[in-house]
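One-letter residues, chain by chain:
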Amino acid sequence: VVINLQASSATSMVALDTALPTGTNTIGNVGVVSVAPATYSASIAALVPAALATDIVTITGSASKTISITHIDIDGVQTTASQILLLFVRRSTADTGGTFTSPTLIPLSTLSGAATATVLAYTANPVVGTSVGTVVANRLFVPGAATTTDAQGMTIAYGALSQQPLSLRGTSQVLAINLNGVTIAGGSVNVNIEWTES
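Presented here is a report on the structure given in the accompanying data block. Bear in mind the structure is a predicted one, so any value in this text is a computation, not a measurement.

## Quick look at the overall build of the chain
Then, in step 1: Helix and strand counts for the chain stand at zero helices and 14 strands.
Then, in step 2: Order of helices (α) and strands (β) in the chain, N terminus to C terminus: β-β-β-β-β-β-β-β-β-β-β-β-β-β.
Then, in step 3: Going through the 198 residues of the chain one by one, you find that 34% of them count as buried.
Then, in step 4: Considering only residue pairs separated by 6 or more positions, the chain has 85% of its internal contacts joining residues 24 or more positions apart.
Then, in step 5: In the structure as shown, the chain presents an accessible area of about 10,900 Å², 55% of it carried by carbon and sulfur atoms.

Put into structure tokens, the structure is as follows:
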């Protein structure tokens, strides 16, 4: 709680332990300090995408909360080092079919309730939902698994410096991480997603 005290001019000193002077006095206001929304994280380690992979990870909005994605990072390894084109695609309908797992959704505070977003990690290609458009298209260097080259990785952050986060409203809004038909031969990827719910 933040308490602001403001006293009007008077012939006597105004202090917290004395009565207010005669006349009209303004003593300020009491307000509530804003509290950060509940924040969650999902991590997918060593995901082996399908051959000619399309969507490999999706996060879908909630029926009851606004999902605001603040941070995504991804890296990986494969048999032979190469660059791949990585796409973040906003969809207006959810993917169907495919083979997927659901990673554990972890609240960053133990006082937060269970997450209401849905995160899926695909090992067999789904039938992708309707594309609204590509939010990010970036080259990602994926090193060879047998080399000593460090995975370069890619990090995308939203909502910093008063910028808008990437928000999903309702269960028909989806953000998909898409490999654009590339095969990660003999390798895997790691994906971390962080978001808030309000």
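## Some thoughts on the packing of aromatic side chains
Then, in step 1: All told, the structure shown has two aromatic pairs when counted by the stated rule.
Then, in step 2: Residues Tyr40 and Trp195 carry aromatic rings whose centres are separated by 6.1 Å and whose planes lie at 25° to one another, so their mutual orientation is stacked. On the criterion of sequence distance, the pair formed by Tyr40 in strand S3 (residues 38-47) and Trp195 in strand S14 (residues 188-197) is long-range, its members being 155 residues apart. Grouping residues by exposure puts Tyr40 and Trp195 together as buried.
Then, in step 3: Where Phe100 meets Tyr122, the ring centres are 5.6 Å apart and the plane angle is 65°; that geometry is what we call edge-to-face. Highlighted residues: Phe100 in strand S7 (residues 99-101) and Tyr122 in strand S9 (residues 118-124), separated in sequence by 22 residues.

## A closer look at the sheet that holds strand S13 (residues 174-182)
Then, in step 1: An order of S7-S9-S4-S13-S6-S10 is seen for the six strands of this open sheet, with the pairing classed as antiparallel. With partners counted over all chains shown, the strands left at the sheet margins are S7 and strand S10 (131-142), one partner each. Averaged over all pairs of adjacent strands, the angle between strand axes in this sheet comes to 25°, irrespective of strand direction.
Then, in step 2: Judged from the three bridges that link them, S7 and S9 form a sheet pairing that is antiparallel. Bridged to Phe100 within S9 is Tyr122.

## Observations regarding the nonpolar core
Generally speaking, soluble globular proteins have nonpolar side chains that are buried together.
Then, in step 1: Counting 34 residues, the largest nonpolar core has Val57, Ile59 and Trp195 as the members making the most contacts within it.
Then, in step 2: In contact with Ile59, not counting residues within four places along its chain, are Ile67, Ile69, Ala117, Thr118, Val119, Leu168, Gln173, Val174, Leu175, Ile193 and Trp195.

## Quick look at the pattern of salt bridges
Then, in step 1: In the structure shown here, the tally under the stated rule is two salt bridges.
Then, in step 2: In this structure, the salt-bridge partner of Arg91 is Asp55, at a minimum N-O distance of 2.9 Å. With a gap of 36 residues between them, Arg91 in strand S6 (residues 82-91) and Asp55 in strand S4 (residues 53-60) connect regions that are remote in the sequence. Side by side, Arg91 and Asp55 carry an identical accessibility label, which is buried.
Then, in step 3: Between Asp95 and Arg91 there is a salt bridge, with its nearest N and O atoms 3.7 Å apart. Of the two residues examined, Asp95 and Arg91, each falls in the buried class.

## Quick notes on the environment of Val174
Then, in step 1: Following the sequence through the fold, Val174 ends up in strand S13.
Then, in step 2: Here the alpha-carbon distance between Val174 and Gly129, two residues 45 residues apart in the chain, equals 8.6 Å.
Then, in step 3: Setting aside residues no more than four positions away along its own chain, Val174 makes contact with Thr58, Ile59, Thr60, Val89, Arg90, Arg91, Thr93, Ala94 and Leu168.

## Some details on the side chain of Ser167
Then, in step 1: Within the fold, Ser167 resides in strand S12 (residues 166-169).
Then, in step 2: Classification of Ser167 as buried rests on a relative accessible area of 13%.
Then, in step 3: In contact with Ser167, not counting residues within four places along its chain, are Thr66, Ile67, Ser68, Arg90 and Gln173.

About the thresholds
Residues numbered from 1 in each chain as written. Predicted model: local features only at pLDDT ≥ 70, side-chain atom pairs only at ≥ 80, totals over all residues. Heavy atoms only, no water. Helix = DSSP H or I, 4+ residues; strand = E, 2+ residues; numbered from the N terminus. Buried < 20%, exposed > 50% of the residue type's maximum accessible area, 1.4 Å probe, protein only. Contact = heavy atoms within 4.5 Å. Areas by Shrake-Rupley, 256 points an atom, 1.4 Å probe, with all protein chains shown as cover. Phe/Tyr/Trp six-rings, centres within 6.5 Å; stacked < 30°, edge-to-face > 60°. Pairing = 2+ DSSP bridges. Axes fitted to C-alpha atoms, helices over the stretch in contact; angles between N-to-C directions. Core = buried A, V, L, I, M, F, W, Y, C linked by side-chain atoms within 4.5 Å. Salt bridge = Lys/Arg side-chain N within 4 Å of Asp/Glu carboxyl O.

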